[in-house]
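# Structural description and commentary
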Amino acid sequence: MDTDLIRTFLTLAQCNSFSTAAEKLTISQSTLSHRLHQLEEELGNILVCRSRGKRNFHLTEAGLEFIPLAEDWMHLSRSIKGYRIHQHGHEPVLQKTAQ
């Protein structure tokens, strides 16, 4: 699961608007929709109920239940990045090894 997918979902839930969320994430609405669809596919759940031809949407029960998990994911991701920087003084560079 990709952190960008989680961030996209949380931003959409917070903004309650596809256009505002896309603007805040500096991505197109099409990219936002694609990321959301990817996340829903990975989770096997519909998170957002969209009204065809309308700008309205609402979070499904699964979407509402996923918010605290997504927030935990983002917190953990930030903690891991902070740990890596603390341990190395900077973002570590991974070396590719010959196999």
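Shown above is the structure to which this text applies.
Read on for an overview of the structure. On a predicted model such as this, the values are computed, not experimentally measured, just so you know.

Moving on to the pattern of salt bridges. All chains considered together, the criterion is met by two salt bridges. Taking the shortest distance from any N to any O, the salt bridge between D4 and R7 comes out at 2.8 Å. With D4 and R7 both in helix 1 (residues 3–15) and three residues apart, the pair spans about one turn of that helix. The exposure class assigned to D4 is partly exposed, which follows from its relative accessible area of 32%. Where E40 meets R50, a salt bridge forms, and the shortest distance between an N and an O atom there is 3.4 Å. Here E40, found in helix 3 (residues 29–43), pairs with R50, found in strand 1 (residues 48–50); they are 10 residues apart in sequence, far enough to count as distant. The exposure class assigned to R50 is partly exposed, which follows from its relative accessible area of 37%.

The description of two aromatic rings rests on the distance between their centres and on the angle between their planes. Across all of its chains, the model carries two aromatic pairs by this definition. Ring centres 5.0 Å apart and planes at 80° place the aromatic pair F18 and F57 in the edge-to-face group. Of the two residues, F18 is situated in helix 2 (residues 18–25) and F57 in strand 2 (residues 57–59); the sequence distance between them amounts to 39 residues. Assigned by exposure class, F18 and F57 land together as buried.

Tracing the chain through its elements places V48 in strand 1. On the basis of relative accessible area, V48 is assigned to the buried category, the value being 1%. In this structure, the C-alpha to C-alpha distance between V48 and T60, residues 12 residues apart in sequence, is 5.5 Å.

Moving on, we come to the side chain of S17. Its location among the elements puts S17 in the loop between helix 1 and helix 2. Looking at S17, its side chain comes within polar contact range of the main-chain nitrogen of T20, at 3.1 Å. Residues in contact with S17, not counting those within four places in the same chain, are L12 and F57.

It is at 8 Å that the axes of helix 1 and helix 2 come closest, and there the two elements cross at 130°. As the angle between them shows, helix 1 and helix 2 are arranged oblique. Relative to helix 2, the crossing made by helix 1 is right-handed. Side by side, helix 1 and helix 2 meet where R7, T8, T11, L12, Q14 and C15 of the first sit next to F18, T20, A21, K24 and L25 of the second. Grouping the constituent residues of the contact of helix 1 with helix 2 by class yields five nonpolar, four polar and two charged.

Reading the values: rules and limits
- The residue numbers shown here count from 1 along each chain, following its written sequence.
- Where totals are concerned, whole chains, interfaces and linings use all residues; where local detail is concerned, this predicted model gives features only for residues with pLDDT of at least 70, and gives and counts side-chain atom pairs only at 80 or more.
- Heavy atoms from the whole structure form the basis of all side-chain values; hydrogens and water molecules are not counted.
- Whenever a carboxyl oxygen of Asp or Glu lies within 4 Å of a side-chain nitrogen of Lys or Arg, that contact is scored as a salt bridge.
- Strands are runs of DSSP state E lasting at least 2 residues, helices are runs of H or I lasting at least 4, and numbering of each runs from the N terminus.
- Think of it in three bands: with a 1.4 Å probe and only protein chains considered, a residue is buried below 20% of the maximum accessible area for its type, exposed above 50%, and partly exposed in between.
- Centre distance within 6.5 Å is the pairing criterion for rings of Phe, Tyr and Trp, where only the six-membered ring of Trp is used; planes under 30 degrees apart are then read as stacked, over 60 as edge-to-face, and the remainder as tilted.
- Two N or O atoms count as a polar contact when they lie within 3.5 Å, although within protein this holds only if one can serve as hydrogen donor and the other as acceptor, and sequence-adjacent residues are included solely when both atoms are side-chain atoms.
- Throughout, a residue-residue contact means that at least one pair of heavy atoms, one from each residue, lies within 4.5 Å.
- For helices, the fitted axis covers only the stretch in contact; all axes are lines through C-alpha atoms, and the angles between them, taken along N-to-C directions, range from 0 to 180 degrees.
- Should an angle fall under 35 degrees it is taken as roughly parallel, and over 145 as roughly antiparallel, whereas 65 to 115 is taken as roughly perpendicular and any remaining angle as oblique.
- Handedness of a crossing is defined here by the sense of rotation of the near helix relative to the far one, left-handed for an anticlockwise turn of less than a right angle and right-handed for a clockwise turn.
- In this classification, the charged set is Asp, Glu, Lys and Arg, the nonpolar set is Ala, Val, Leu, Ile, Met, Phe, Trp, Tyr, Cys and Pro, and all remaining amino acids, among them Gly, are polar.

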